[in-house]
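A closer look at the structure
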Amino acid sequence: MDLLALADFNLVARHGGFGRAAPASGRPKATHTRRGSELESGLDLRLFERGARTLKLTQEGRALYERTGALLAELDETAAAISSGADKPRGRLRISAPLLFSQTAMGKLAAAFALKYPEVRLEVTTEDRSVDMIEEGYDLVIRVNPDPDETLVGRVLMRDRLVVVANPTLPRPKGDNAAPTVVRGASDQGSDWDMTAQGRTDRIKTDPVLRLSSLIMIRDAVRAGVGAARLPISLVSRDLAAGKLVHWGDVDGPDIVLWALYPSRRLLSARVAAFLDCLKEAFPSGTPEELASFID
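Please read these numbers as outputs of a predicted model, since none were measured by experiment.

Conventions and cut-offs
Residues numbered from 1 in each chain as written. Predicted model: local features only at pLDDT ≥ 70, side-chain atom pairs only at ≥ 80, totals over all residues. Heavy atoms only, no water. Pairing = 2+ DSSP bridges. Helix = DSSP H or I, 4+ residues; strand = E, 2+ residues; numbered from the N terminus. Axes fitted to C-alpha atoms, helices over the stretch in contact; angles between N-to-C directions. Contact = heavy atoms within 4.5 Å. Phe/Tyr/Trp six-rings, centres within 6.5 Å; stacked < 30°, edge-to-face > 60°. Buried < 20%, exposed > 50% of the residue type's maximum accessible area, 1.4 Å probe, protein only. Lys NZ or Arg CZ within 6 Å of the ring centre and 35° of its normal. Expected span 1.5 Å × (residues − 1). Bend = angle between axes of the 7 residues up to and from the residue. Salt bridge = Lys/Arg side-chain N within 4 Å of Asp/Glu carboxyl O. Arc of directions from axis to C-beta. Polar contact = N/O pair within 3.5 Å; in protein donor to acceptor, adjacent residues only side chain to side chain.

A short note on the sheet that holds strand β7 (residues 162–166)
One open sheet accounts for 6 strands, arranged β8-β10-β9-β12-β7-β11; its pairing is mixed. Of all the strands in the sheet, the pair left with one neighbour each is β8 (178–184) and β11 (229–232). Ignoring which end each strand starts from, the neighbouring axes of this sheet average 50° apart. The pairing of strand β9 (residues 193–197) with strand β10 (residues 200–212) spans 5 bridges and is classified as antiparallel. Bridge pairing in β10 links T196 to T201. Where helix α8 (residues 233–242) meets the sheet, its contacts fall on β7, β11 and β12 (246–251), and the angle it forms with β11 comes to roughly 100°.

Here it is, written out as structure tokens:
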């Protein structure tokens, strides 16, 4: 594929027309028109819908633009870094992070990164869904227990675990009695909870009395004495130490593993590498206590 034609295509797509791209590139409109036609012929795809006064990308053109724009930007950054003799982070950095991590740590992390690398334009989106990094243009995603994906590589950021906690005034149920609980979302239908305390496995029945969408809200409700809840130890360790909450037991099951992921088919850019270094500096051991230190 002709990189010049591809670069011109991205320029035309970004500016919304052949004529509009000409001043930005310093090349005549006819050159962009010709290279656009050559690219369409080479790919055997229609990339533009050409109207009398408007130019729009086809579905295939939009996909090509979204997938190649970041690659070309990285090539430009690499060339600029080599020519300047330094690989200094610069440009746009888009990150997707889960809600709890964003609420507890990302604000401070992002601020520290922005102060250290002022030439990087950092954009953080908070969402728990599994995003498509390539299609949605993310450079880095942080995810909890992600499904295996051969198109992505990454590293473990930290490990956490779930514990059952309650307000000290809430009595722990005995026998067949159910405990009032605060759960996340409508999908939790009140199944029994298996947990381990003092080397003994125990099971308690639950009666969901409150459903909330945020773990921060659940913690606050538990503090108020509404019911017990399963929460990450990093979120409640300070409350446990202060006696505001009591520990009923550790939830049986796998650890919560937080991953930092990026596309394997792209070279690791200087800005992504710099942010990964910031994460490693903030969480050198990857323990729940390190995350707890960010929580106010």
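What about the environment of W193?
Tracing the sequence through the fold places W193 in strand β9. Expressed as a C-alpha distance, the spacing of W193 and R230, which sit 37 residues apart in the sequence, is 9.0 Å. Ignoring sequence-local partners within four residues, the contact set of W193 consists of V164, T181, V183, D202, R203, I204, T206, A228, A229 and R230.

Overview of the packing of aromatic side chains
Scanning the model with the defined rule gives 6 aromatic pairs in all. Between the aromatic rings of F101 and F283, the centroid separation amounts to 6.0 Å while the plane-to-plane angle is 55°, which identifies the pairing as tilted. Taken together, the residues span a long stretch of sequence, with F101 in helix α5 (residues 99–116) and F283 in the loop between α9 (270–282) and α10 (288–292) at a distance of 182 residues. Residue F101 shares its accessibility class with F283, and that shared class is buried. Here the aromatic rings of F283 and F294 are separated by 5.2 Å at their centres, their planes lie at 40°, and the arrangement is tilted. Residue F283 is found in the loop between α9 and α10, and its partner F294 is found in the segment after α10; the two are separated by 11 residues along the sequence. Connected via pairs of aromatic rings, a cluster forms that spans F9, F18 and F48. Stacked on the ring of Y138, the Lys or Arg R94 has its end atom at 4.3 Å from the ring centre.

Points about the environment of G225
Inspection of the secondary structure puts G225 in the loop between α7 (215–223) and β11. G225 gets classed as partly exposed once you look at its relative accessible area, which sits at 25%.

Quick look at α5
When the terminal C-alpha atoms of α5 are compared, their 24 Å separation across 18 residues agrees well with the 26 Å that a helix rising 1.5 Å per residue should span. At A105, α5 shows its strongest bend, of approximately 60°. All of the buried residues in α5 are L100, F101, S102, T104, A105, M106, L109, A110 and F113.

Side note on the pattern of salt bridges
Per the stated rule, a full pass over the model turns up 16 salt bridges. One salt bridge connects E123 with R92, and the closest N-O pair in it is separated by 3.0 Å. Of this pair, E123 sits in strand β4 (residues 120–126) while R92 sits in strand β3 (residues 91–97), placing them 31 residues apart in sequence. Overall, the relative accessible area of 29% leaves E123 in the partly exposed class. One salt bridge in this structure joins D250 and R161, with 3.9 Å as the shortest N-O distance. Residue D250 is located in strand β12, and its partner R161 is located in the loop between β6 (152–160) and β7; the two are separated by 89 residues in the primary sequence. On the basis of relative accessibility, which here comes to 26%, the residue D250 falls in the partly exposed class.

Section: helix α2 (residues 18–25)
Within the span of α2, buried status applies to F18, A21 and A22. The buried residues of α2 occupy one face: seen down the axis, they fall within an arc of 115°. Summarising the geometry of α2, the exposed residues directed more than 90 degrees from the buried face are R20 and P23. The positive-phi residue at the C-terminal boundary of α2 is G26, with phi of around 80°.

Some points on the side chain of S102
Mapping S102 onto the fold places it in helix α5. Among the polar contacts made by the side chain of S102, one reaches the side chain of T126 at a distance of 3.1 Å. If sequence neighbours within four positions are ignored, S102 has contacts with A97, G107 and T126.

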